[in-house]
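Chain by chain, the residues:
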Amino acid sequence: MSARKKILITGSAGFLGSHLCDRFINEGFHVIGMDNLITGRMANIEHLLPKEEFEFYRQDVSKFIHIPGELHYILHFASPASPIDYLKIPIQTLKVGSLGVHHCLGLAKEKKARILIASTSEVYGDPEVHPQTESYWGHVNPVGPRGVYDEAKRFQEAMTMAYHTYHGLEIRIARIFNTYGPRMRLNDGRALPAFIGQALRGEDLTVFGDGSQTRSFCYVDDLVEGIYRLLLSDYSQPVNLGNPEEITILDFANEIVKLTNTEQRITFKDLPQDDPRQRRPDISLAQEVLGWKPIVGREEGLSKTYDYFKALPETEWYQMDHKQFDQFITK
Ligand code: UDP
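My aim in this report is to walk through the structure given alongside it, one point at a time. It should be emphasised that the depicted structure is a prediction, and the values quoted were computed from it without experimental measurement.

### A few points about the pattern of salt bridges
Piece 1. Under the counting rule described, the total for this entry stands at 21 salt bridges.
Piece 2. With a closest N to O distance of 2.8 Å, Arg 23 and Glu 27 form a salt bridge.
Piece 3. Taking relative accessible area as the criterion, Arg 23 reaches 18% and is therefore assigned buried.
Piece 4. Salt bridges sharing common partners tie together Glu 122, Arg 146, Arg 215, Asp 275 and Arg 279.

### Side note on helix 9 (residues 298-311)
Piece 1. Taking 1.5 Å of rise per residue, 14 residues should cover 20 Å, and helix 9 covers 20 Å from first to last C-alpha, within 8% of that figure.
Piece 2. Every buried residue of helix 9 is listed here: Arg 298, Gly 301, Leu 302, Thr 305, Tyr 306 and Phe 309. The buried residues of helix 9 occupy one face: seen down the axis, they fall within an arc of 130°. Exposed positions of helix 9 whose direction lies more than 90 degrees from the buried face are Glu 299 and Ala 311.
Piece 3. Tucked inside the fold, the buried residues of helix 9 contact strand 7 (179-180), helix 5 (191-201), strand 10 (218-219), strand 12 (246-248), helix 7 (249-260) and helix 10 (314-317).

### Comments concerning the site of the ligand
Piece 1. Looking at the ligand, there are 18 residues lining it, with Thr 206, Phe 208, Arg 215, Asp 275 and Arg 279 nearest.
Piece 2. Within the contact set of the ligand, an oxygen atom lies 2.9 Å away from a side-chain nitrogen or oxygen of Arg 146.
Piece 3. Here an oxygen atom of the ligand and a side-chain polar atom of Arg 279 are 2.6 Å apart.
Piece 4. Notes on the ligand: free accessible area 510 Å², of which the protein chains cover 95%.
Piece 5. Secondary structure elements with two or more residues in the shell around the ligand: helix 5 and strand 8 (205-208).
Piece 6. Its residues assigned to classes, the shell around the ligand shows eight nonpolar, four polar and six charged.

### Regarding the sheet that holds strand 4 (residues 73-76)
Piece 1. As summarised here, the arrangement of the seven strands in space is 3-2-1-4-5-6-11, forming an open sheet in which the pairing is parallel. Strands at the two margins of the open sheet, each flanked by one partner only, are strand 3 (54-58) and strand 11 (238-241). For this sheet, the mean inter-axis angle between neighbouring strands, taken without regard to orientation, is 20°.
Piece 2. Taken together, the four bridges between strand 6 (residues 171-176) and strand 11 define a ladder with parallel strand orientation.

### Looking at the side chain of Asp 35
Piece 1. Along the chain, the position of Asp 35 falls in strand 2 (residues 30-35).
Piece 2. At 7.6 Å, Arg 58 is the nearest oppositely charged side chain to Asp 35, a buried residue that forms no salt bridge.
Piece 3. Polar side-chain contacts of Asp 35 include one of 3.3 Å to the backbone nitrogen of Ser 12.
Piece 4. Here Asp 35 is in contact with Gly 11, Ser 12, Ala 13, Gly 14, Gly 40, Phe 56, Tyr 57, Arg 58 and Gln 59, once residues within four sequence places are set aside.

### Let's talk about helix 1 (residues 15-26)
Piece 1. Between its first and last C-alpha atoms helix 1 spans 17 Å; for twelve residues at 1.5 Å apiece the expected length is 16 Å, and the two agree.
Piece 2. Buried within helix 1 are the following residues: Phe 15, Leu 16, Gly 17, Ser 18, His 19, Leu 20, Cys 21, Asp 22, Arg 23, Phe 24 and Ile 25.
Piece 3. At the exit of helix 1 stands Gly 28, carrying a positive phi of roughly 90°.

### Focus on the packing of helix 5 against helix 7
Two numbers describe a pair of packed helices, the interaxial angle and the distance between the axes.
Piece 1. Running from N to C, helix 5 and helix 7 point in directions that differ by 35°, and their axes come no closer than 10 Å. Considering only the axes of helix 5 and helix 7, their crossing is right-handed. Together, Leu 192, Phe 195, Ile 196 and Ala 199 of helix 5 and Ile 249, Phe 252, Ala 253, Ile 256 and Thr 260 of helix 7 make up the contact between the two elements.
Piece 2. Looking at side-chain class alone, the contact of helix 5 with helix 7 contains eight nonpolar, one polar and no charged residues.

Cut-offs used in this document
Residues numbered from 1 in each chain as written. Predicted model: local features only at pLDDT ≥ 70, side-chain atom pairs only at ≥ 80, totals over all residues. Heavy atoms only, no water. Salt bridge = Lys/Arg side-chain N within 4 Å of Asp/Glu carboxyl O. Buried < 20%, exposed > 50% of the residue type's maximum accessible area, 1.4 Å probe, protein only. Helix = DSSP H or I, 4+ residues; strand = E, 2+ residues; numbered from the N terminus. Expected span 1.5 Å × (residues − 1). Arc of directions from axis to C-beta. Contact = heavy atoms within 4.5 Å. Near = heavy atom within 4 Å. Polar contact = N/O pair within 3.5 Å; in protein donor to acceptor, adjacent residues only side chain to side chain. Areas by Shrake-Rupley, 256 points an atom, 1.4 Å probe, with all protein chains shown as cover. Nonpolar A, V, L, I, M, F, W, Y, C, P; charged D, E, K, R; others polar. Pairing = 2+ DSSP bridges. Axes fitted to C-alpha atoms, helices over the stretch in contact; angles between N-to-C directions. Lys, Arg positive; Asp, Glu negative; His and termini not counted. Left-handed = near helix turned anticlockwise from the far one by under 90°.

All we've got here are geometric facts, nothing functional implied.
In structure tokens form, the structure reads like this:
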């Protein structure tokens, strides 16, 4: 029997999930990856498949899940995570945050495993408090286009906390703010892959609204470090994880133009409904309980991310459709 601790990572073929698989394998864990590949991509974890300390289940966590033998930790990261994705697959988004988390919590209880769930800054909605602290309850439109994601994640937090208070389950809740890095999907509609994809294809960059809305972008390695520390901490209330350096989307688009050294212009499109006006995490709590703060600046992070996308086969820059969804979706 291996002495390695076993960890299940749902959404393991996704952007964050795959980086977490890498990290936990490097830390000496046995990693069980699970993904239904609706938005995840095997290419993100192909390099792990030959490893003995990695196994992969292609499975939908919204249906009953079973893992044989011991299990010590669960990271629930399965979910569509971009506005385009959850507009396209709203019901799956709701299911993975509700039925999916219920299955993970049930499994954690059965195995006496500690579970960390991926929550989001979207629980704060279009925030009226700035920067956002964990004590803020949010400003969410439940029936708007983002409602399926925001409410699924809010339900997920409530359900997880109920398993903690009622069953004594060991829980951790990460409220993840905008994160970027290699392995994002170029066609997921989020600002960073959208801008880089446009620059690579020689198209104009599309800024929504007048670009005065703000976000705060965290490089993936920093986020993974925060998740790792949170999982191993003894803190069971929600913790914000993100980079507090705030920028307007227009300035961000200009940074990408500069980085990619292209002649692209910026064009303006309508601001999507309920697009948050501002977002910046207050990370005092993470600093206090985890001794964590981001260390990778935007210049360094963006250049690593750009190098990744630039090195992809050119055909991938042009894969803009969402065909891949249709074959997997059950309503
Ligand atoms: N955005 C944009 N152009 C794009 C894609 C996104 O201006 O092609 C804007 C979007 O309206 C939002 C910001 O960039 O204000 C960040 O969007 P993203 O989808 O990355 O994340 P979220 O809105 O969920 O924070």
